[in-house]
Amino acid sequence: MKQNDILQDGHGRRFYYLRLSVTDVCNFRCDYCLPHGYQARHQQPDLSVAEASTVMRAFAQLGTRKVRLSGGEPSLRKDLPELIHSAKTTPGIKRVAVTSNGYKLPAVIDRWHHNGLDQLNISIDSLDRKEFAHITGHDCLPKILTGIDRALELGIATKVNAVLLNDGAHTRLHQFLAWLKTTPVTLRFIELMQTGDNRDYFASNHLRGTDIEQQLIETGWQLLPRPLDAGPAREYVHPDYAGRIGLITPYSKDFCNTCNRLRVSAQGKLHLCLFSDTGLDLRETIRTGDADALAEKVRALIGNKEVSHYLQQGNTGATQNLSIIGG
């Protein structure tokens, strides 16, 4: 594929990365996302394996190199291994990733690996067991850490996502740094983002990632180059640590300039941005199984992508919480 054939928007950004949500259902009750648990908001069924395959084939034609299966919680789908296999065997897709809360990880990671999983992202907002249980509603941190150890044994590139929360942030940072001394994962600190459901929580808990980043730079952490199909994190390394640290700072200046990813919801809607006002319905075309037609439809729609998410102006679009289309 020529460089000019790669999907490109009206602002010159090229898209190598698809985040495909396979369910919006989640079994955690994280304070910043689903504090009251999952509440169904629609009646449509999730994309089937065959429909998801059509989506991935279409995006591969448009230059997508990496597919991330997300949610909600993807492991709640019993056919997730088949979805991983479908992604792995799609011509043009070089890397397959899953984002999970890790609740089932020890029981499922070997099968995910067998079906072609290259990269795993697990959400852990605190390494303190009691605090983790308080945030998520589940006392399962030791089990999740056991699953991560197994993923590393299998050679799966593993990242841990931690949402930055203002209260206790520095204590959590020191705990994570101690863990990274000997654990070869990439820890990604993600700024808390305002959604339609968490405005008050955001106002009292938001912490800018640049504050943490400055501390890292002052203590010898070095910025790495960013691959074309990488996510939005700026990753740092330190010679004294086995692990790395990444920062995702959506409220920083020009954050959207390097956007290289698009999202499709579990109901088959294209979201040009995590905070779009609405999803663009692709389900009718997906159901035909015609990847060529779907690719042309996506190419036609990409011109509607805005230059920014406008989060800094308080815009949250149609995103009531991040489980809806997979943050």
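Before going into details, it helps to say that this report is about the structure given with it.

Criteria and cut-off values
Residues numbered from 1 in each chain as written. Predicted model: local features only at pLDDT ≥ 70, side-chain atom pairs only at ≥ 80, totals over all residues. Heavy atoms only, no water. Helix = DSSP H or I, 4+ residues; strand = E, 2+ residues; numbered from the N terminus. Buried < 20%, exposed > 50% of the residue type's maximum accessible area, 1.4 Å probe, protein only. Contact = heavy atoms within 4.5 Å. Areas by Shrake-Rupley, 256 points an atom, 1.4 Å probe, with all protein chains shown as cover. Pairing = 2+ DSSP bridges. Axes fitted to C-alpha atoms, helices over the stretch in contact; angles between N-to-C directions. Salt bridge = Lys/Arg side-chain N within 4 Å of Asp/Glu carboxyl O. Core = buried A, V, L, I, M, F, W, Y, C linked by side-chain atoms within 4.5 Å. Polar contact = N/O pair within 3.5 Å; in protein donor to acceptor, adjacent residues only side chain to side chain.

## Digging into the overall build of the protein
Phase 1 of the analysis: Each helix and strand counted, the protein has 10 helices and 12 strands in total.
Phase 2 of the analysis: When the 327 residues of the protein are sorted by exposure, 55% land in the buried category.
Phase 3 of the analysis: Long-range pairs, those at least 24 residues apart, make up 72% of the contacts in the protein between residues at least 6 apart in sequence.
Phase 4 of the analysis: Total accessible area on the protein is roughly 14,100 Å²; 50% of this is exposed by carbon and sulfur atoms.

## Here we look at the sheet that holds strand 6 (residues 186-191)
Phase 1 of the analysis: With mixed pairing, the 12 strands of this open sheet are ordered in space as 7-8-9-6-5-4-3-2-1-10-11-12. The open sheet terminates on both sides in strands that have one partner only, identified here as strand 7 (222-223) and strand 12 (280-281).
Phase 2 of the analysis: Relative to strand 4 (residues 119-123), strand 3 (residues 95-100) runs parallel, the two being bridged by 4 bridges. The residue bridging Ser100 from the neighbouring strand is Ile122, located in strand 4.
Phase 3 of the analysis: The sheet strands contacting helix 6 (residues 169-180) are strand 5 (157-164), strand 6 and strand 9 (244-248), and the helix crosses strand 6 at an angle near 160 degrees.

## So, the pattern of salt bridges
Phase 1 of the analysis: Under the definition given, this model contains 13 salt bridges.
Phase 2 of the analysis: Ionic pairing is found between Glu131 and Arg172, a salt bridge with its closest N-O pair at 2.7 Å. One end of the pair, Glu131, is in helix 4 (residues 129-136); the other, Arg172, is in helix 6, with 41 residues separating them in the sequence.
Phase 3 of the analysis: The class of Arg172 is buried, set by a relative accessible area of 6%.
Phase 4 of the analysis: We note a salt bridge from Arg244 to Glu235, for which the minimum N-O separation is 3.6 Å.
Phase 5 of the analysis: By relative accessible area, which is 37% here, Arg244 ends up partly exposed.
Phase 6 of the analysis: You can call Glu235 buried: its relative accessible area is 15%.
Phase 7 of the analysis: One continuous salt-bridge network, built from bridges that share partners, spans Glu51, Arg283 and Arg287.

## Let's talk about the nonpolar core
As a rule of thumb, soluble globular proteins bury nonpolar side chains together.
Phase 1 of the analysis: In this structure, Trp112 and Phe189 are the most contacted members of the largest nonpolar core, which totals 88 residues.
Phase 2 of the analysis: Beyond its immediate chain neighbours, meaning those up to four positions away, Phe189 contacts Ala162, Leu164, Leu173, Phe176, Ile212, Ile245, Gly246, Leu247 and Ile248.

## Structural notes on the side chain of Glu235
Phase 1 of the analysis: Within the secondary structure, Glu235 is located in strand 8 (residues 234-237).
Phase 2 of the analysis: Polar contacts involving the side chain of Glu235 include one to the side chain of Lys159, which spans 3.2 Å.
Phase 3 of the analysis: The residues touching Glu235, leaving out its near neighbours within four places in the chain, are Lys159, Thr186, Gln222, Leu223, Leu224, Arg244, Ile245 and Gly246.

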